[in-house]
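Understanding the architecture of this molecule
So the chains spell out like this:
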Protein chains: 2
Amino acid sequence: MDQSEDPSGGSRTLARPKAARRSAVDPQEPQRPDRRSAILLSAEALFAERGYAAVSVRDIATRAGVPIALVGYYFGRKQELFGTIFAHRQVYITERIARIEEVDCGPSNPNAVADLVRAWAEPVITLRGSEAGDVFSLLVARTAWDPGPEATAIIERFYDPLARAFVAAMGRALPDVAGDRIVWAYEYAVGALLMYVGDKRIERLTHGRAISADPALCADFIRFISAGFNTLRQGDPPA
Amino acid sequence: MDQSEDPSGGSRTLARPKAARRSAVDPQEPQRPDRRSAILLSAEALFAERGYAAVSVRDIATRAGVPIALVGYYFGRKQELFGTIFAHRQVYITERIARIEEVDCGPSNPNAVADLVRAWAEPVITLRGSEAGDVFSLLVARTAWDPGPEATAIIERFYDPLARAFVAAMGRALPDVAGDRIVWAYEYAVGALLMYVGDKRIERLTHGRAISADPALCADFIRFISAGFNTLRQGDPPA
DNA sequence: TCGCAATTTATACAGTCGTACATAATATTG
DNA sequence: CAATATTATGTACGACTGTATAAATTGCGA
């Protein structure tokens, strides 16, 4: 499908929302249903549920209650709509990077590892429960494990910076540990966090008693991951 | 295999491999190419690379070098072929369950947690490097995160027993810890292991220096997860 | 009111998909 | 040999896909 890099096609000018320009007279009136946002939210929810490839443009349009062609009018190709969703939520990512870089990773802080893990994970966990947060967290988990080229491009573009920021900070907190071992440990932590926010099996294994909003659960998670990173201090260096 | 749900359509009898019946005269001669196995291996590799939905029956047939209709002749629907792949590798799963149940989880064993984690993870990690092991491990990781109904049915059928065996054994090793907290920790461990065997980002983040065959890496992983489980001992009970 | 731009809509195109089916080729048995 | 079972194959069907395009409708400043 890709054909890709420069798929613009050139001829058609992509629609930009010139709407909502009756200006700031009465911002909270319903003001003619915002169908662009409806499409964006519909796509986000569907991609989060089923993954990129399993959602058709028709599904998105149907759920949003608009004709199919309107999706292309506002967002161009399916792939660009996918990217727009993440761009729309990018603040969630930059906030996490900012919190990571606020942590004191110097030798004076004995809790640097746990502080770092908390700064990295807590924004995601506390996001759960809010409506948009639940949907987007699930979308990220789905996308992180989606082997398709559209999904990997998104992860590389939006989440590699976060990964590098965390690994760099953890390298400062654990100055005697080889960088590659920290990267591997980061992978394990990501895998665990993705399960926390995205796995559906937990309800089956706990017979429906699972509640991911429990704050004690968040504390358990941070302890689990922090203890893992701390084991790197004593381990054998890689061969 | 159950073949199951009864989508059979009734009329057509599914092919069963009556071949290789020229008996035990000369088992290693090429004996007319085994196209059934070729299809099975082709499908396994493609599903592992791209996930269930992103692979077409035509892709499978082309890679195996057989006409499309032969896939249906041997395996019926795509969904049944998917299940047959896992049934074919089921010994990998039962071996892990057996190793878990061999571990002494009584109070006399101070290393019960680490022994359990090793019994659970080591068969997967050491499988990597063998050709079939690499492919199947990746397939499991893809399937575990595939939200489609075909994939979730497979995980429930083949991997829920492994999960319950591990959780039960860990409950014996940590008798004072609530069961649901162990289930959550198990989810984190699964997430980490899936990243170990299935993530492609590691090469990007380590600038291509990652080598998952390194035995020190296996030791790091088991230490990481064991330390996580051990934190459950001291944690606050859930609210 | 007209005129222009923004938005909306129906429809069509060229592909790919899973699956089925009739027939051909080959092997096995009598 | 003939008869029968197994394996192999080409082809076609209806459904669904992403995307494009021309035309209709609406909103708004002049």
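Residues numbered from 1 in each chain as written. Chains lettered and ligands numbered in written order. Predicted model: local features only at pLDDT ≥ 70, side-chain atom pairs only at ≥ 80, totals over all residues. Heavy atoms only, no water.

What to know about helix α1 (residues 35–50) of chain A
Residue and element names in this part refer to chain A. Under the 1.5 Å per step criterion, the end-to-end length of α1 is 22 Å for 16 residues, consistent within 8% with the ideal 22 Å. Looking only at α1, the buried set comprises Ile 39, Leu 40, Ser 42, Ala 43, Glu 44, Ala 45, Leu 46, Phe 47 and Ala 48. Those residues of α1 that are buried are in contact with α2 (57–64), α3 (68–75), α4 (78–88) and α7 (131–144). With a side-chain oxygen lying 3.2 Å from the backbone nitrogen of Arg 36, the N-terminal cap of α1 falls on Asp 34. Positioned one or two residues after α1, Gly 51 has a phi angle of 90°, which is positive. (Helix = DSSP H or I, 4+ residues; strand = E, 2+ residues; numbered from the N terminus. Expected span 1.5 Å × (residues − 1). Buried < 20%, exposed > 50% of the residue type's maximum accessible area, 1.4 Å probe, protein only. Contact = heavy atoms within 4.5 Å. Polar contact = N/O pair within 3.5 Å; in protein donor to acceptor, adjacent residues only side chain to side chain.)

Topic: the relation of the copies chain A and chain B
With an RMSD of 0.0 Å, the operation that places chain A on chain B is a rotation of 180° combined with a shift of 0.0 Å along the axis. The superposition operator between the copies reduces to a two-fold rotation axis. Scanning chain A for the C-alpha nearest the rotation axis identifies Gly 191 of chain A, at a separation of 2.1 Å. (Least-squares fit on C-alpha atoms with pLDDT ≥ 70 in both.)

Some remarks on the environment of Val 91 of chain A
Along the chain, Val 91 of chain A falls in helix α5 (residues 90–102). Spatially, the C-alpha atoms of Val 91 of chain A and Thr 62 of chain A are 28 Å apart, while their sequence positions differ by 29 residues.

Some points on the packing of helix α6 (residues 112–127) of chain A against helix α9 (residues 179–198) of chain A
Residues and elements named next belong to chain A. Contact pair α6 / α9: the axes reach a minimum separation of 11 Å and the direction vectors enclose 10°. Judged on the interaxial angle alone, α9 and α6 are roughly parallel. Considering only the axes of α6 and α9, their crossing is right-handed. Residues Trp 120, Ala 121, Val 124 and Ile 125 of α6 pack against Tyr 186, Ala 189, Val 190, Leu 193, Tyr 196 and Val 197 of α9. In terms of residue class, the contact of α6 with α9 is built from 10 nonpolar, no polar and no charged. (Axes fitted to C-alpha atoms, helices over the stretch in contact; angles between N-to-C directions. Parallel < 35°, antiparallel > 145°, perpendicular 65-115°, else oblique. Left-handed = near helix turned anticlockwise from the far one by under 90°. Nonpolar A, V, L, I, M, F, W, Y, C, P; charged D, E, K, R; others polar.)

Overview of the state of the cysteines
Overall, the coordinates contain zero disulfides over all chains when judged by the stated rule. Cys 105 of chain B takes part in no disulfide bond, and the closest cysteine sulfur to it belongs to Cys 218 of chain B, at a distance of 19 Å. (Disulfide = S-S within 2.5 Å.)

A few points about the packing of α9 of chain A against helix α11 (residues 215–230) of chain A
Two measures define how a pair of helices packs: the angle their axes make with one another and the distance between the axes. Residues and elements named next belong to chain A. Running from N to C, α9 and α11 cross one another at 165°; their axes reach a closest spacing of 10 Å. The orientation of α9 with respect to α11, classified from their angle, is roughly antiparallel. The two elements α9 and α11 meet at a crossing, and its hand is right-handed. Touching Ile 182, Ala 185, Tyr 186, Ala 189, Ala 192, Leu 193 and Tyr 196 of α9 are Leu 217, Cys 218, Phe 221, Ile 225 and Phe 229, all from α11. Looking at the contact of α9 with α11 residue by residue, the class counts come to 12 nonpolar, no polar and no charged.

So, the interface of chain A and chain B
Contact with chain A, which involves 58 residues of that partner, is made by 58 residues of chain B. Carbon and sulfur atoms make up 64% of the area that chain A and chain B hide from each other, which totals about 5,200 Å². Viewed at the interface, chain B and chain A are joined by 10 salt bridges. The salt bridge partner of Arg 204 of chain B is Asp 160 of chain A, with a shortest N-O separation of 2.7 Å. Taken together, the connections running from chain A to chain B amount to eight residue pairs in polar contact (both at pLDDT 80 or more). (Buried area = accessible area lost by both parts, 1.4 Å probe. Salt bridge = Lys/Arg side-chain N within 4 Å of Asp/Glu carboxyl O.)

Brief notes about the pattern of salt bridges
A side chain with one charge may pair with a side chain of the opposite charge, provided their charged atoms come close. Counting across every chain of the model gives 26 salt bridges over all chains. One salt bridge in this structure joins Glu 49 of chain A and Arg 63 of chain A, with 3.6 Å as the shortest N-O distance. In this pair, Glu 49 of chain A sits in helix α1 while Arg 63 of chain A sits in helix α2, placing the two residues 14 residues apart along the sequence. Sharing partners across several salt bridges, the network here consists of Glu 156, Asp 160 and Arg 164 of chain A together with Arg 201 and Arg 204 of chain B.

Description of the nonpolar core
With 156 residues, the main nonpolar core has Phe 221 and Phe 229 of chain A together with Phe 221 and Phe 229 of chain B as its most contacted residues. In this view, Phe 229 of chain A contacts Val 113, Val 117, Phe 166, Met 170, Leu 174, Ile 182, Ala 185, Tyr 186 and Ala 189 of chain A together with Phe 224 of chain B; residues no more than four positions away in its chain are not counted. (Core = buried A, V, L, I, M, F, W, Y, C linked by side-chain atoms within 4.5 Å.)

Side note on the environment of Val 140 of chain B
All names here are of chain B. Position of Val 140 among the secondary structure elements: in helix α7 (residues 131–144). Taking the C-alpha atoms as reference, Val 140 lies 24 Å from Glu 102; in sequence the two are 38 residues apart. Non-local contacts of Val 140, meaning those with residues more than four positions away in its chain, are made with Phe 86 and Tyr 159.

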